[in-house]
Each structure stands twice: as C-alpha cells, then as structure tokens.
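Observations on chain architecture
Spelled out from the first residue to the last, the chains are:
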Amino acid sequence: MRANRLKSVMADGGTAVNAWLSIGSGYAAEGVAHQGFDSVTVDLQHGMIGFDTALTMFQAISTTDAVPLARVPDNDPAQIMRLLDAGAYGIICPMISTPDQAWAFARACRYPPRGNRSFGPSRGLLYGGPDYFGRADEEMLVMPMIETREAVECIDAIVAIDEIDMVYIGPNDMALAYGEQPGSVIDGPRTAQAIAHVLERTHAVGKTAGIFCPDGAGARARAEEGFDLVTPGNDFGNLTRALRAAVGLIRGEGAPAGEPSGGY
Ligand code: 3PY
Ligand code: MG
C-alpha cells in the first residue's frame, strides 16, 4: 500500500505543510497540490464543497505526492467512511470535545476489530494499492479538532486514546470558546494559553499537533512554536489576498488595507 508520507515527515521531526481547499474545483485542487505541500485537505465543513466534487479533488491531488486529507462537517461515521473510501488518507473532525466523541470518531476510521469502518474501499483501493484492506488502519491519520473549552479541559484523556494519531487545533473556534475574537492574526491571551496547553499535553504523550493559521507568516510562527503540521490559510483567502495586492500594486496604492472578502 502507498505509505502515508505525512507520518514519516512528522516522525523525522519535520514540520509538515498542509494546504486547505475551500473552493470546490478539481482544477484548483490540482494547482494547489503542485505547489510543494506535504498534504492537501479538502474542507467539507466550511469549504463550498460536496462529496462528488471532493472525489474529483482527490483525483486531482493524486497527480502529486501530497497526501490527501479531508475535514468532515461533523462526527458522522457515514460521511467519514465515505471520504476514506474516496481515497482520503486522514480525517480531520471538527468540534471533538470529549473522549467518547474521540473514540466514536476513531472507530469510524478503523476496520474491525479496532473500529467499525464498513468494508468497501472503492477508490481508496486504487489510490492506496491492492493491499489496502490489510494496511489501511496503520496508514490513515485520525485527527480530532481541538477547538472547544471542554476539549482543552480533557485533552489528556483525548490524546491518551491509542487510536488518536494527532490533534488539529482550530484557533478561530477556540477563540470563540474563550470569548475572544476569531480570525485574529494574534491570539487573545486565553486562546493563546489554551493552544499552548494543548500543544504541550499532546507532545507530552509523544503525539503530534497541527494547527490552522491565517497565512504563510502565521504558519511559520506556529512551526517555530513547535507545531508539527501547519496550514497557511485556505485557498480562497490566499487567492483574494494576492489579487487585492495586485490591484493595489497596479494602482500604486501600496499594500492593500482590510481583510479579503470571503474566505476564513
Ligand atoms: C478554526 O479555526 O476553528 C477552524 O476550524 C479552521 O478552519
Ligand atoms: Mg473550527
């Protein structure tokens, strides 16, 4: 079976760089995947993407070495299993707040006896290889999002679960959870403390942590904080920012003011 390269990048102590797709397009996914990322996440939670388009995006990503990941809209086993069948090599699940929720999520990603994933790896078999069934449990990354107060409070119990490979932090929902402003370039003090705590407790059990970031500079800063996987913003935000900068440059207006419209 094709190995999950993300695992070796992080096991070797490197910082994995993960792209984030919110535009539902195979063409855009292909272009993004060719930019040197270690992984590319198709976001079915906040991205403007449904299952049929996600499938074509996985096909586009497979023209490169980037590892295909999906963020699901919620902790729904049917949706999780379907995206794994479509060829995702890891699932990011939002709003995991308790060990029970983490267990339910992990079980949907593993075949019996480790979990309750149903058999039918459709495109997973084409992408992964003929021995997919025997090795899929080892290769798939199970990544709960830590972005609620409850999750921060029970982080030790969540990361202690064997079937949880790593965590992925959503700083925007985390900010909301602590009564601070989402979408900020600089974390509020309570958000910063919660993020540092999750990173420290995850590393304490020898697991890795990823995080969503506003842009490349933010991702670089998170890598320096010790994060093992960083996402330098989403496709739409980067596209609109670059276009706004181009308009400003052409008109001689210098650096553009304000946030790009749309994106997150
Ligand atoms: C968050 O920051 O809450 C996210 O889920 C990133 O999209
Ligand atoms: Mg979130």
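Anyway, here's the lowdown on the structure attached to this text. (Residues numbered from 1 in each chain as written. Chains lettered and ligands numbered in written order. Predicted model: local features only at pLDDT ≥ 70, side-chain atom pairs only at ≥ 80, totals over all residues. Heavy atoms only, no water.)

**Observations regarding the overall build of the protein chain**
Scanning the protein chain from N- to C-terminus turns up 13 helices and 8 strands. Compactness check: the protein chain gives a C-alpha radius of gyration of 18 Å against a globular reference of 18 Å for 264 residues, within 12% of the reference. Principal-axis analysis of the C-alpha atoms places the extent of the protein chain at approximately 60 × 40 × 30 Å. Among the 264 residues that make up the protein chain, the fraction classed as buried is 51%. As presented, the protein chain carries roughly 11500 Å² of accessible surface, and 56% of it is formed by carbon and sulfur atoms. Treating the 20 positive side-chain charges of the protein chain as one cloud and the 32 negative ones as another, the clouds have centres 2 Å apart. (Helix = DSSP H or I, 4+ residues; strand = E, 2+ residues; numbered from the N terminus. Rg over C-alpha atoms; globule rule 2.2 N^0.38 Å. Buried < 20%, exposed > 50% of the residue type's maximum accessible area, 1.4 Å probe, protein only. Areas by Shrake-Rupley, 256 points an atom, 1.4 Å probe, with all protein chains shown as cover. Lys, Arg positive; Asp, Glu negative; His and termini not counted. Charge placed at Lys NZ, Arg CZ, Asp CG, Glu CD.)

**Comments concerning the nonpolar core**
Counting residues in hydrophobic clusters, the biggest one holds 78 residues, and the most contacted among them are Val 42, Phe 58, Ile 61, Leu 83, Ile 91, Ile 146 and Met 174. Aside from chain neighbours lying at most four places away, what touches Ile 146 is Ile 96, Ala 151, Val 152, Ile 155, Ile 158, Val 167, Tyr 168, Ile 169, Gly 170, Met 174 and Val 198. (Core = buried A, V, L, I, M, F, W, Y, C linked by side-chain atoms within 4.5 Å. Contact = heavy atoms within 4.5 Å.)

**Considering helix H7 (residues 132-139)**
For H7, the full list of buried residues reads Tyr 132, Ala 136, Asp 137 and Glu 139. Tucked inside the fold, the buried residues of H7 contact helix H1 (5-11), helix H4 (77-85), helix H5 (99-109), helix H6 (122-128) and strand S5 (141-146).

**Points about helix H13 (residues 235-250)**
Over its 16 residues, H13 runs 23 Å from end to end, which matches the ideal 22 Å to within 8%, given 1.5 Å per residue. Burial in H13 covers these residues: Asp 235, Gly 237, Thr 240 and Gly 248. Of the surrounding secondary structure, the elements contacted by the buried residues of H13 are strand S1 (16-21). At the N-terminal boundary of H13, the capping side chain belongs to Asn 234, with an oxygen 3.0 Å from the backbone nitrogen of Phe 236. Directly after H13, the chain includes Gly 252, whose backbone phi takes a positive value near 70°. (Expected span 1.5 Å × (residues − 1). Polar contact = N/O pair within 3.5 Å; in protein donor to acceptor, adjacent residues only side chain to side chain.)

**A short note on the pattern of salt bridges**
According to the stated counting rule, one finds 15 salt bridges in the structure shown. Note that Glu 138 is salt-bridged to Arg 114, the shortest N-O span being 2.7 Å. Taken together, the residues span a long stretch of sequence, with Glu 138 in helix H7 and Arg 114 in the loop between H5 and H6 at a distance of 24 residues. Measuring nitrogen to oxygen at the nearest pair gives 2.9 Å for the salt bridge that ties Arg 201 to Asp 156. Of this pair, Arg 201 sits in helix H11 (residues 189-204) while Asp 156 sits in helix H9 (residues 155-159), and the two are 45 residues apart along the sequence. Given the relative accessible area of 26%, Arg 201 is considered partly exposed. Assessed through its relative accessible area of 39%, Asp 156 is described here as partly exposed. Linked through salt bridges whose partners overlap, the residues forming this network are Arg 110, Arg 114, Glu 138, Glu 163 and Asp 165. (Salt bridge = Lys/Arg side-chain N within 4 Å of Asp/Glu carboxyl O.)

**Quick look at the coordination of the magnesium ion (ligand 2)**
Within the first shell, the magnesium ion (ligand 2) binds the protein through Glu 147 (OE) and Asp 173 (OD), at distances of 2.0 to 2.2 Å. One end of the pair, Glu 147, is in the loop between S5 and helix H8 (149-153); the other, Asp 173, is in helix H10 (residues 171-177), with 26 residues separating them in the sequence. With relative accessibility at 2%, the residue Glu 147 sits in the buried group. (Donors = N, O, S within 2.8 Å, 3.2 Å for Na, K, Ca; no water.)

**Concerning the packing of H4 against H5**
Working note: a packed helix pair is described by the angle between its axes plus the distance between those axes. Running from amino to carboxyl end, H4 crosses H5 at an angle of 35°, the nearest separation of the two axes being 9 Å. Taken as a pair, H4 and H5 cross one another with a handedness that is right-handed. Along the contact surface, H4 presents Pro 77, Ile 80, Met 81 and Leu 84, while H5 presents Phe 105, Ala 108 and Cys 109. Class assignment for the residues of the contact of H4 with H5 results in 7 nonpolar, no polar and no charged. (Axes fitted to C-alpha atoms, helices over the stretch in contact; angles between N-to-C directions. Left-handed = near helix turned anticlockwise from the far one by under 90°. Nonpolar A, V, L, I, M, F, W, Y, C, P; charged D, E, K, R; others polar.)

**What about unusual backbone geometry?**
A cis amide bond links Pro 112 to the next residue, Pro 113, at an omega of 10°. Its location among the elements puts Pro 113 in the loop between H5 and H6. If you check the backbone angles, Met 95 has positive phi at about 55° while not being a glycine. Tracing the backbone shows Met 95 in the loop between strand S4 (90-93) and H5. When its relative accessible area of 37% is taken as the criterion, Met 95 is described as partly exposed. The phi angle at Ser 122 is positive, at roughly 25°, despite the residue not being glycine. Mapped onto the elements of the fold, Ser 122 is located in helix H6.

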